[in-house]
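Summary of structural features
What follows is each chain in one-letter form.
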Amino acid sequence: MDKIYDLIIIGSGPAGLAAALYAGRAELDTIIIEKAPISGGQIINTYEVDNYPGIPGISGFELSTRFREHCDKMDMKFITGEVTKFAVEDEIKIITLDDGTIYRSKTAIIASGANPRKLKVEGEERLSGMGVSYCATCDGAFFRNKVTAVVGGGDVAVEDAIFLARLCKKVYVIHRRDEFRAAKSYVNKLMSLENVEIIWDSVVEEIHGKEQVEQINIKNIKTEETKSLDLDGIFIAVGYLPTSQVYKEVVATDANGYIIASENCETNIPGVFAAGDVRTKELRQIITAASDGANAITAVERYLNTI
């Protein structure tokens, strides 16, 4: 009979790595499945992390390396592969990888993360982490007294612009419509800020810069007028795409595809947990993902004690 693990963790970002560490301390028979050959998830692409307690200014790559090294000290087993199928049969969680390998476990933590929606314009990928950012609260401090732009019109975009306006000399808000979708209270606050300029009915067409963002080209979609803006950074806030497609037929998700899970990371399926950016939550940061990992293991242990 195939081996049945106590726990399989899917994903090796901060949530998955924190869960792995706590699973090791709990002496759970665990494997961690990671899609990329390098652990860390999105943070490996972050030039500098300035809001993780105790280690300001650390690079995302170094922080993820430290997370992984801590897990390695616990002799945790990592497997590289992409999950292509997820099923539950007779309370056993069955995970199939892209090479056809099948793993079984009593419990599973889905920590597959979420990826920011991209504009898919010239210069975006090349300058990512060099002035192109998808997280104002993560990277805003690096643009103090500089000129930035926020792209988007929802709550996150408007909140990002308000946050940046406290730090930056000038903040442009570029929105493809002629009104915001954000809550009225946020919009009223934004409109009251003197160093914020709203550019309606417009989209970003190109991002320019050699080693850092220097300029963007924008186009008014109604008049087709184009112009350039000189700036130091651009924050893209047009939504996230949770990596939940494989799991949606098994666990419940909300309208945006996030896995519905409580604060202790329990989903609607007993023994299946969701941690980090893939689950429904208010704040998606490294520290909240790591705390999810710890909470999930507590819930896993509680579940295992009942079966």
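For the structure, see preceding data.
Below you will find a few notes about this structure. From a predicted model like this one, the values you see are computed outputs, not experimental measurements.

Summing up its helical and strand segments, the protein has six helices and 17 strands in all. Against the compact-globule benchmark of 19 Å for 307 residues, the protein has a radius of gyration of 21 Å, which places it among compact chains. In terms of overall dimensions, the protein has C-alpha extents of about 65 × 35 × 35 Å along its principal axes. Here the protein holds 307 residues, and 50% of them are scored as buried. Long-range contacts, defined as pairs at least 24 residues apart, comprise 59% of the intrachain contacts of the protein with a sequence gap of at least 6. If you sum the accessible surface of the protein, you get close to 15300 Å²; carbon and sulfur atoms cover 47% of it. Across the protein, the centroid of the 34 positively charged side chains sits 2 Å from that of the 45 negatively charged ones.

Here the focus is the nonpolar core. If you look at the biggest cluster of nonpolar residues, it comprises 34 residues, and the most contacted ones within it are Leu7, Leu63 and Ile109. Among the elements that take part in this core, helix H6 (residues 286–304) stands out by supplying nine residues, more than any other. Setting aside anything within four residues of it in sequence, one finds isoleucine 109 in contact with Leu7, Ile8, Ile9, Ile10, Ala19, Phe273, Ala275, Ala296, Ile297 and Val300. The next biggest cluster of nonpolar side chains, apart from the first, holds 22 residues, and it includes Ala157, Val171, Ala182 and Ile198.

Strand order in this open sheet of three strands is S12-S13-S14, and the pairing throughout is antiparallel. Looking at which strands have only one partner, the edges of the open sheet turn out to be strand S12 (202–208) and strand S14 (226–230). When the angles between neighbouring strand axes are averaged without regard to direction, this sheet yields 25°. Pairing of S12 with strand S13 (residues 215–220) involves six bridges; the strand directions are antiparallel. By the bridge assignment for S13, glutamate 206 is matched with asparagine 217.

Attention now goes to helix H1 (residues 14–25). An α-helix turns once per 3.6 residues; consequently, residues spaced three or four apart project the same way. Here H1 is 12 residues long and its end C-alpha atoms lie 17 Å apart, about the 16 Å a rise of 1.5 Å per residue gives. Counting buried positions along H1 yields 10 of 12 residues, so the element is predominantly enclosed. Restricting attention to buried positions, one finds in H1 the residues Pro14, Ala15, Gly16, Leu17, Ala18, Ala19, Ala20, Leu21, Ala23 and Gly24. Directly beyond the C-terminal end of H1, a positive phi value near 60° is found at glutamate 27.

The next point concerns the side chain of serine 244. Considering the arrangement of structural elements, one finds serine 244 in the loop between strand S16 (240–242) and strand S17 (272–274). Apart from the residues lying within four places of it in its own chain, the contact partners of serine 244 are Gly257, Ile259 and Val278.

For the rest of this paragraph, the subject is the pairing of strand S6 (residues 102–110). Two strands pair when backbone bridges link them, and strand S1 (residues 4–10) and S6 are joined in this way by six bridges, in the parallel orientation. Among the inter-strand pairings, leucine 7 is bridged to a residue of S6, identified as threonine 107. The hairpin formed by strand S5 (residues 92–97) and S6 contains four residues between the paired strands, and glycine 100 there has a positive phi angle of roughly 90°. Bridging between S6 and S17 involves three bridges; their strand directions are parallel. From the neighbouring strand, alanine 108 faces S17, where its bridge partner is valine 272.

Turning our attention to the pairing of strand S10 (residues 170–174). Along S10, four of the five residues are buried, which leaves the element largely enclosed by surrounding structure. Across five bridges, the pairing between strand S9 (residues 147–151) and S10 is parallel. The residue bridging valine 147 from the neighbouring strand is lysine 170, located in S10. Across four bridges, S10 lies against strand S11 (residues 196–199) in parallel orientation. Bridge pairing links tyrosine 172 to glutamate 197 in S11. What joins S10 to S11 is helix H5 (residues 184–191), and the crossover it makes is right-handed.

Quick notes on the rules
- Residues numbered from 1 in each chain as written.
- Predicted model: local features only at pLDDT ≥ 70, side-chain atom pairs only at ≥ 80, totals over all residues.
- Heavy atoms only, no water.
- Helix = DSSP H or I, 4+ residues; strand = E, 2+ residues; numbered from the N terminus.
- Rg over C-alpha atoms; globule rule 2.2 N^0.38 Å.
- Buried < 20%, exposed > 50% of the residue type's maximum accessible area, 1.4 Å probe, protein only.
- Contact = heavy atoms within 4.5 Å.
- Areas by Shrake-Rupley, 256 points an atom, 1.4 Å probe, with all protein chains shown as cover.
- Lys, Arg positive; Asp, Glu negative; His and termini not counted.
- Charge placed at Lys NZ, Arg CZ, Asp CG, Glu CD.
- Core = buried A, V, L, I, M, F, W, Y, C linked by side-chain atoms within 4.5 Å.
- Pairing = 2+ DSSP bridges.
- Axes fitted to C-alpha atoms, helices over the stretch in contact; angles between N-to-C directions.
- Expected span 1.5 Å × (residues − 1).
- Right-handed = clockwise from strand over helix to strand, strands pointing away.

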